[in-house]
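# Topology and contacts: notes
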Amino acid sequence: MLVFVIALASGCHSSAPIPVPLRVPNGVTVAVTDAPGVFSTYDFATYQVDVTSLTVTDADGNVTQLLPAPTRVDFARYDGTAEFVSTATVLAGKYSGAVMTLDFSHADIRVNDYATRTVVPITTIEDGDGRPLTTVDVPVMLGGGVTAVSIGRSSAARLTMDFDLAASDAVDSSNSVLMVRPVVAADLAPQDPKFQRLRGVITAVDSGGFTVDMRPFATSLAAGGQSFGDFTVDVSDATAYDVDWQVYQGSGGLAQIAALQLPAPVTVMGTFNPADGHIVATDVLAGAGMAPGNRDAVQGTVTQRQGDTLQLHDAVLTRAGGGPDFIGNATLLVDNTTAVTRQFDPSAHTVGDVSVGQRISAIGVVSNPAPSALTVDATNGNGWIRMEPATVSGSIQARGNSDSDPFTFTVQNIEGSPVSFYDFTGTGADPQDDADPQNYLVVPPVTRPTEPTYKVIPLGEPAILRGFVEPFGKAAGTADFYAPEVLNIPAQAAWAFISGGSPTPDDVQPGKGQALNVDLGGTGA
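Think of each chain on its own: its residues are numbered from 1, step by step along the sequence as written. At least 70 in pLDDT is required for a residue's local features to be given in this predicted model, at least 80 for side-chain atom pairs to be given and counted, and no such filter applies to totals for whole chains, interfaces and linings, which use all residues. Side-chain measures here rest on the full set of heavy atoms in the structure, leaving out hydrogens and waters.

## Some remarks on the overall build of the protein
Note the following rule: Runs of E in the DSSP output that reach at least two residues are strands. Runs of H or I that reach at least four are helices, and both are numbered from the N terminus. Burial here depends on accessible area, computed with a 1.4 Å probe over protein chains only, as a share of the maximum for the residue type. Under 20% is buried, over 50% is exposed, and the range in between is partly exposed. What makes two residues a contact is simply this: any of their non-hydrogen atoms within 4.5 Å.
What the protein contains, in helices and strands, is two helices and 37 strands. Per-residue burial over the protein gives 55% buried out of 525 residues. Within the protein, residue pairs in contact and separated by at least 24 positions form 71% of the contacts whose partners lie at least 6 positions apart.

Structure, rendered in structure tokens:
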């Protein structure tokens, strides 16, 4: 999900935008993502395209550019995370449309081949008429009969745009051909509470938090790099910190942030606060985890573990001093000196906690650079692993007696790849306790008395889990996965704008939700 933060004009309609201070309580957040969808016969291992422009047009025809510079986005990586991208200033008033420009000229798109467990590069990209696809403008069309939205000054809001890869693309993997007709959904109040991610460099720290100069995706974190705007981060006593591979919580963590040499690279996970347009941090990563120096970094999902050797799928390697490069599969070597932390969790962890199905980021040294046998060595005190929320797709088969009891889940995909890619041998305390993807035991999220529980999701309907796996070798027939989020796939937003003219009845697929209704009442427009 790409989140475009728009700071609004503080006065009446005028001929030029009027900047407003970041802490003034107004603004609208526009988000773009790969919408999670019902399972298909293929999935994208990577979908890297260049987003060259995002503009909005008001009722008087004034056009405002929201993107300060073109940026490369891997849409396959943003099924479960919202990415804050830029700040811009727009005029208060009514807006009748927007256009997102995608450039496929240098796209890197690869599809997982389920049969061979390999990744197939797409060599030919065509539009709906079979012509080579380069640049395409995707015009915004709001659903529900809405022809314009009002943007005012009273508070911040988040408008979500979902780039639905499954609906946008038709794949002929045997001939490495992709046909693209971009489909994007919009929603003002998304039902999917995705993790929200802010990446950049810290430029100032105070008692309430810090300011970040945004550098989304793979944008350089070096001094003098392209700025995508400033963003304010608020912290609390519950905020977890990972600084130089050490974990902290609350004021102790903020003190570590204040001790860093600024500007300092940082990644923040948290929630967007519509009252002031800030992000309230739940997790902060800084120091060596963001600036590994002469070490290499790899991200992926653990598909198998044999002792201290981990196999990763959908791995992305970043060499020391270089940019990310998609690899596909990788081997990660660990030992008892490998530092281990877990996102959102300030408690201590060890390498034994990393198990099959866990999404991780790791730092080490590449010992075998061959793409077909990539190996990263995180041993001998030179390595670090950060466990991150994994996305598991499937359906609930049986519920527990109470809201807090584990439920039984049938797994179809983990991080977008078929469960057949994963070897659960050794995950249990005994072989009979190894995780069974057909009877996956899930600990449900803790809910407040006023919140609905996971039990509102009908049995057998497609659902998504987001969370962390049970430590390796510790499953004992009571829990395989801990899920802070359980989502019902059909509850996702309706489609809202489509490339190439107005949508037709055939464009609206079943199971995609209801028509979008945008209500910006009370915004002060």
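## Here's the deal with the nonpolar core
For the record, the criterion: What is meant by a nonpolar core is a set of buried Ala, Val, Leu, Ile, Met, Phe, Trp, Tyr and Cys residues, joined one to another through side-chain atoms within 4.5 Å.
Among the nonpolar cores identified, the biggest contains 51 residues, and Tyr47, Phe104, Phe210 and Ile257 are the most heavily contacted of them. A per-element tally of this core places strand S7 (residues 93–113) first, with seven residues. With residues near it in sequence (within four places) discarded, Ile257 still touches Ile202, Val205, Phe210, Tyr241, Val243, Val284 and Ala286. Counting residues in each nonpolar core, the second largest holds 23 residues, with Ala390, Ile414, Tyr422 and Phe424 among its members.

## Points about the pattern of salt bridges
Here is the rule we go by: We define a salt bridge as a contact between a side-chain nitrogen of Lys or Arg and a carboxyl oxygen of Asp or Glu at a distance within 4 Å.
Applying the stated rule across the entire model yields 15 salt bridges. The residue Arg131 makes a salt bridge to Asp129 at a minimum N-O spacing of 3.1 Å. When the shortest N-O distance is used, the salt bridge between Asp213 and Arg215 registers 3.2 Å. Both residues of the pair, Asp213 and Arg215, belong to the buried class.

## Notes on the packing of aromatic side chains
Defined as follows: Only Phe, Tyr and Trp rings are paired, with Trp represented by its six-membered ring, and only when their centres lie within 6.5 Å; those with planes under 30 degrees apart are stacked, over 60 edge-to-face, the remainder tilted. Whether a charge lies above a ring is judged from NZ of Lys or CZ of Arg, which has to be within 6 Å of the ring centre and within 35 degrees of the ring normal.
The tally for this structure, following the rule as stated, stands at five aromatic pairs. Centre to centre, the rings of Tyr440 and Phe481 are 6.0 Å apart; their planes meet at 40 degrees, and the pair counts as tilted. On the criterion of sequence distance, the pair formed by Tyr440 in strand S34 (residues 440–443) and Phe481 in strand S36 (residues 481–488) is long-range, its members being 41 residues apart. Residue Tyr440 is classed as buried on the basis of its relative accessible area, which comes to 1%. Residue placement shows Arg342 over the ring face of Phe468; its charged tip is 4.5 Å from the ring centre.

## A look at helix H2 (residues 251–259)
Heads up, the condition is: Each direction from the helix axis to a C-beta atom contributes to the arc, which is the arc of those directions.
Within the span of H2, buried status applies to Gly253, Leu254 and Ile257. Seen along its axis, H2 keeps its buried residues to an arc of 100 degrees; they face one direction. Turned more than 90 degrees away from the buried face of H2 sit Ser251 and Ala259, all of them exposed.

## Quick look at unusual backbone geometry
For the bond running from Leu262 to Pro263, omega is 0 degrees, close enough to zero to count as cis. Mapping Pro263 onto the fold places it in the loop between H2 and strand S21 (264–273). Despite not being glycine, Glu415 shows a phi value in the positive range, around 50 degrees. By the element assignment, Glu415 lies in the loop between strand S32 (407–414) and strand S33 (417–418).

## Here's the deal with the confidence of the model for the protein
The test is simple: Every residue gets a pLDDT, meaning the predictor's confidence in that residue, from 0 to 100.
Across the protein, pLDDT averages 77, with 73% of residues at or above 70. Per-residue pLDDT stays below 50 along residues 7–33; that stretch engages in 103 contacts with residues further than four places along the chain or on separate chains. Within the model, the stretch residues 35–41 combines pLDDT values under 50 with 21 contacts to residues more than four positions away or in other chains.

## Some remarks on the side chain of Thr375
Tracing the chain through its elements places Thr375 in strand S29 (residues 375–377). Those residues in contact with Thr375 that sit more than four places away from it in its chain are Thr331, Leu333, Val365, Val366, Ser367 and Asn368.

## With respect to the environment of Gly460
Mapped onto the fold, Gly460 is located in the loop between S34 and strand S35 (462–469). On the basis of relative accessible area, Gly460 is assigned to the partly exposed category, the value being 48%.

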